[in-house]
Amino acid sequence: MSGTSSDNMQRPETAAAATPANGWAIELEKINKRFGAVHANKDIDLKVARGTIHGIVGENGAGKSTLMSILYGFYKADSGTIRVNGTEANIADSRAALALGIGMVHQHFMLVDNFSVLENVILGAEDSGFIKPSLDRARRELDRLETEYQLEVDPDATIEDISVGQQQRVEILKALYRGAEILILDEPTGVLTPKEADDLFRVLRTLREQGKTVILITHKLREIMAITDNVSVMRQGEMVATVKTAETSPEHLAELMVGRSVLLHVQKDAANPGKTLLEVKDLVVTDDMGITRVKSVSFSIRAGEIVGIAGVSGNGQTELLESITGMRDQRSGTVILNGNPLSLKGDDGAARARAAGLAHVPEDRQRMGLITTFSEWENAILGYSDSEDYGKGAMLDIAKAKAKAAEHIKTFDVRPADINLKTALFSGGNQQKIVLAREMDRDPDVLVVGQPTRGVDIGAIEFIHNQIIKLRDAGKAILLVSVELDEIRSLSDRILVMFDGQIVGEAEAATATEGQLGLMMAGVVEERQPS
Amino acid sequence: MSALRPLPRWADLALLPVLNLLLAVLVSGLVVLMIGQNPLTAIWAIITGAFGNGYNIGYTLYYATNFVFTGLAVALAAHGGLFNIGGNGQAYVAGLGVILVALALQDTHWLIVAPAALVAAAVFGGAWAFIPGYLQAKRGSHVVITTIMFNFIAAALMIYMLNRVLKPAGVSGPESAMIAETGRMPKIGSFFAPFNYTPVNLSIFIALLALVGVYFLIWRTKFGYALRAMGQNPTAARYAGISNSKMIIITMTLSGALAGMVAFNEVLGVQNRLVLDFVADAGFVGIAVALMGRNHPIGIGLAALLFGALYQGGNELQYVISGLDRTVVVIIQALVILFTGAMEGLFRPGLQRTFMLFSPEQKAEAVSRETVGKES
């Protein structure tokens, strides 16, 4: 241990100040990192005890990723010291981090899809110019690692053939193969089914038992509570608290993250469904590669009802959404809106869907819902620019468009309140508010929402959820697609589960359990329950 | 995310192009020096050659007229994310429309011939760009490939038309019959004496109208909004219900129609007949003009004037300095295109740093930005 006393910089809520039995794996002191005007990390202190699972939570932009990037050698801190296993370290790049036994599993996997597991594991860690000896050595080593940590993966399987959960194991194996003692996982469960997430947690516990240290970055408080020993909370570039997980609660953590108390559960009255507004019949959709992604899907949504589509990302939800909203041609099937079949053929189907009373908050606001190089007011009329409200005939009435934009900013509390600012410069939550304000403005009969709170701060999440519920209570039909099961469960009145392009199950949100939904999301329940 | 703060608007629009132009002039001067001539004399010869007297200015404006049309053609397409490099072919084919209409109506009056020829230029030029537009919209063939191919097809087509169809009996060269006197559009020199004996004609007013019109089209109409939306983000445009395929076809057609105006200037305003290669690569110069003018009509007007001056001044240069022939002028023009167009961003980072150092409160920031990566 270094001789520097750490007591003087402990904050009131900071626990685990005493040196733990196994010593500290990581000690960060007064870490500062600025990006121009943005002070991403302010005087960060963090101590991670060896052989523990340490969670780091915080809103988007709180500085978690920056901090981990400094630890992994992607960025260099402006000031501050890093000690690894008690020794001061200068981590210039990821190679240096690996040499110190720090491995990272990124949110987006860094795997070569058409290589085998084995080839991916040795990639960048080959022994010599010839590949065979490396592969042989890796096979033996992998065998050992797999038994030691119960990380079963077929070393000869091709990456593109194995599941996302297995791919993640390969990432973990890659780090272990390189001798990682400290493993950083960045939002590891975002792409996993609940079952796969449980498997991951089992693996992480095994790693801990074997003396490895795990740093888990996540925004899912449930996971923090389930698996970590200690948890650090970051807010606006500062480390606001480090507490023992056993001594805290999700509500308390959320409050620390946001800086005020937050309602984690959506408050809503029971649904009062009216007549059917949206009906989808035998919809078949193929993607750009010609692969059938939606396989004969049928469902309907009534007025005053939120129907959530749960499922692991990539099971056809995106294609379903894009098809209903006129973004993508259907192979066959019909979409009936308010009793009238919608013609969605051609590349202007979205215009006809809008004209018929369908509004769409797309899954990917930066790629689809906004033109980020356009100013806020130009985005406020996206999709509605042809309306007479924004100028008669062919002319665009800029004054009217700007007035509408100012109105949106006011009602949805968009910050900064600048209609001339490029939308790329707004935060994720404010961008989403800009899209929502525009789509809700026209009093649509049906609102289709994809990932409403992806990349959105907790404070804004609450606001967005309330807006969606308000629209439901106004008698609109809402189709919600989200990969966040918690969001689906708390917002929806009825839940459909999609797996492999089909709706494999249906449940009432009030009664459905997470385990039940999780099984359906994994494709275990094949039959659709009568509703 | 870029670490450097964007430049103030005036620096972006005025200072940067001027710096680029100065660099081009400097390197051109070195070339002239290597040949053994005095660069200052050469530059002065270009300037006086372009603006020295009414005759020179008339020629400069005549060239600039063409470059305004082709520059706008490239810029309009560029706002929709389309790169129309077929301005040459579109202008060439438009010449066919102009001459057919003009010859048919030549015995009426030029006031009847001119509007009809204008429409014909737009229709023929537009049609020649419609085909690549249609092919991209419906078949996925990229306009960069098809428009350049259509330049060659246009060249071959026009040689055929001139030799086999339009050439009157008794004429040896590949050119059409002359338009009768009654059908010829007057040049500006005929009522404004300083421009006497120069080719500048009424087309220049069409060019000015086009500059204003394109500005309004892009920034003041719903079509322009849709066009820019598609250009910035085709996926978001489709999300907004804008039909990309329809927009591509319309935009390419409009772009071709603008390029076709070159034929109006050349065939009806200057030559009074259709000759081989009358476009003289104005279509390609238009790419440089649009690039330098930032696809904005004001910038395009200024850039077209600059290139007009270079063309005219360059022509005069060979008469003033015997050692410098047309080839040197082409080198200078190429350098201007290189530095103002292709290497437009050369000074940007340095200028941004300079600007930040000059504002005291940003100085510390500028220093700390040296080692910046992307934000978390």
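Residues numbered from 1 in each chain as written. Chains lettered and ligands numbered in written order. Predicted model: local features only at pLDDT ≥ 70, side-chain atom pairs only at ≥ 80, totals over all residues. Heavy atoms only, no water.

Enquirer: How should the nonpolar core be read in this particular structure?
Expert: Inside soluble globular proteins, nonpolar side chains tend to come together where they are buried. Residues and elements named next belong to chain B. Core analysis: the largest hydrophobic core is formed by 139 residues, its most contacted members being F67 and L268. The element contributing the most residues to this core is helix α10 (residues 244-271), with twelve residues. What F67 contacts, discounting residues up to four positions off in sequence, is A282, V285, V289, A304, F307, G308 and Y311. (Core = buried A, V, L, I, M, F, W, Y, C linked by side-chain atoms within 4.5 Å. Buried < 20%, exposed > 50% of the residue type's maximum accessible area, 1.4 Å probe, protein only. Helix = DSSP H or I, 4+ residues; strand = E, 2+ residues; numbered from the N terminus. Contact = heavy atoms within 4.5 Å.)

Enquirer: Even after reading the chapter, I still don't get the pattern of salt bridges, so can you show me in this structure?
Expert: Pairing is possible between side chains that carry opposite charge, provided their charged atoms lie close to one another. All names here are of chain A. Tallied over the entire structure, the rule returns 40 salt bridges over all chains. For K195, the salt bridge goes to D199, with nearest N and O atoms at 3.2 Å. Here D199 and K195 lie together in helix α6 (residues 194-209), a separation of four residues that amounts to about one turn. Residue classification places K195 among the partly exposed positions, given a relative accessible area of 48%. Put simply, D441 and K404 hold a salt bridge, and the shortest N to O gap is 3.2 Å. A residue pair is termed long-range when its members are at least 10 positions apart, and D441 in helix α14 (residues 428-441) and K404 in helix α13 (residues 398-411) qualify at 37 residues. Overall, the relative accessible area of 17% leaves K404 in the buried class. (Salt bridge = Lys/Arg side-chain N within 4 Å of Asp/Glu carboxyl O.)

Enquirer: Would you explain the sheet that holds strand β11 (residues 276-286) of chain A in this entry?
Expert: Each strand in a sheet pairs with its neighbour through backbone hydrogen bonds, running either in the same direction (parallel) or in the opposite one (antiparallel). All names here are of chain A. The strand order β12-β11-β14-β15 describes an open sheet built from four strands, whose pairing is antiparallel. Either end of the sheet is taken by a strand with one partner, and the two such strands are β12 (292-302) and β15 (340-341). In this sheet, strand β14 (residues 332-337) lies alongside β11 in antiparallel orientation, the contact comprising five bridges. Looking across to β14, one finds that V284 is bridged to S332. Across the sheet, helix α9 (residues 317-324) lies against β11, β12 and β14, angled at about 120° from β11, the strand it touches most. (Pairing = 2+ DSSP bridges. Axes fitted to C-alpha atoms, helices over the stretch in contact; angles between N-to-C directions.)

Enquirer: Looking at this model, I keep getting lost on the pairing of strand β19 (residues 494-499) of chain A. Mind explaining?
Expert: The side chains of a regular strand alternate, residue by residue, between the two faces of the sheet. All names here are of chain A. The element β19 is extensively covered by neighbouring structure, given that five of its six residues are classed as buried. Judged from the four bridges that link them, strand β13 (residues 305-310) and β19 form a sheet pairing that is parallel. Following the sheet pairing, A310 is matched in β19 by V497. Sheet analysis places β19 next to strand β20 (residues 502-508), joined by six bridges and oriented antiparallel. Among the inter-strand pairings, L496 is bridged to a residue of β20, identified as E506. Counted between consecutive antiparallel strands, the loop separating β19 from β20 contains two residues, among which D500 sits at a positive phi close to 50°.

Enquirer: Explain the pairing of strand β10 (residues 238-244) of chain A to me, please; I cannot follow it from the model alone.
Expert: Where strand β9 (residues 230-235) of chain A meets β10 of chain A, six bridges bridge the pair, whose relative direction is antiparallel. By the bridge assignment for β10 of chain A, V233 of chain A is matched with A241 of chain A.

Enquirer: What should I look at first to understand the confidence of the model for chain A in this one?
Expert: Caution applies to low-pLDDT regions: their predicted coordinates should not be interpreted in detail. With 94% of its residues at a pLDDT of 70 or more, chain A shows a mean pLDDT of 86. In the model of chain A, helix α8 (residues 250-258) of chain A stands out as the element of lowest mean pLDDT, 82, in contrast to helix α12 (residues 376-379) of chain A, which has the highest, 96. (pLDDT = per-residue confidence, 0-100.)

Enquirer: How should unusual backbone geometry be read in this particular structure?
Expert: Trans is the prevailing form of peptide bonds, just as negative phi is the prevailing case for residues other than glycine. Residues and elements named next belong to chain A. The amide bond that connects R415 to the next residue, P416, takes the cis arrangement and shows omega of -5°. Note that P416 resides in the loop between α13 and α14. Phi is positive for D282, which is not a glycine, with a value near 45°. Residue position: D282 is located in strand β11. Overall, the relative accessible area of 45% leaves D282 in the partly exposed class.

Enquirer: I would appreciate a short explanation of helix α15 (residues 458-473) of chain A in the present structure.
Expert: Quick reminder: α-helices carry 3.6 residues per turn. Residues three or four places apart thus point the same way. Residue and element names in this part refer to chain A. Counted at 1.5 Å a residue, the expected span for α15 with its 16 residues is 22 Å, and the 23 Å between its end C-alpha atoms agrees. Residues of α15 that are buried in the fold lie against α8, β13, α14, β17 (446-450), β18 (477-481) and α16 (485-491). Taken from the residues just after α15, G475 is the one with a positive phi, measuring 90°. (Expected span 1.5 Å × (residues − 1).)

Enquirer: What is the right way to read the interface of chain B and chain A from this model?
Expert: Where interface size is given, it is often the accessible area lost as the parts come together that is meant. Taken together, the contacts link 30 residues of chain B with 50 residues of chain A. Between chain B and chain A, the buried area comes to about 3000 Å², and carbon and sulfur atoms account for 55% of it. Area buried by chain B at its contact with chain A is led by K222, Y225 and Y239 of chain B, which between them contribute 31% of it. Put simply, chain B and chain A have one salt bridge between them. Its salt-bridge partner being E378 of chain A, residue R228 of chain B comes within 2.6 Å of it at the nearest N-O pair. (Buried area = accessible area lost by both parts, 1.4 Å probe.)

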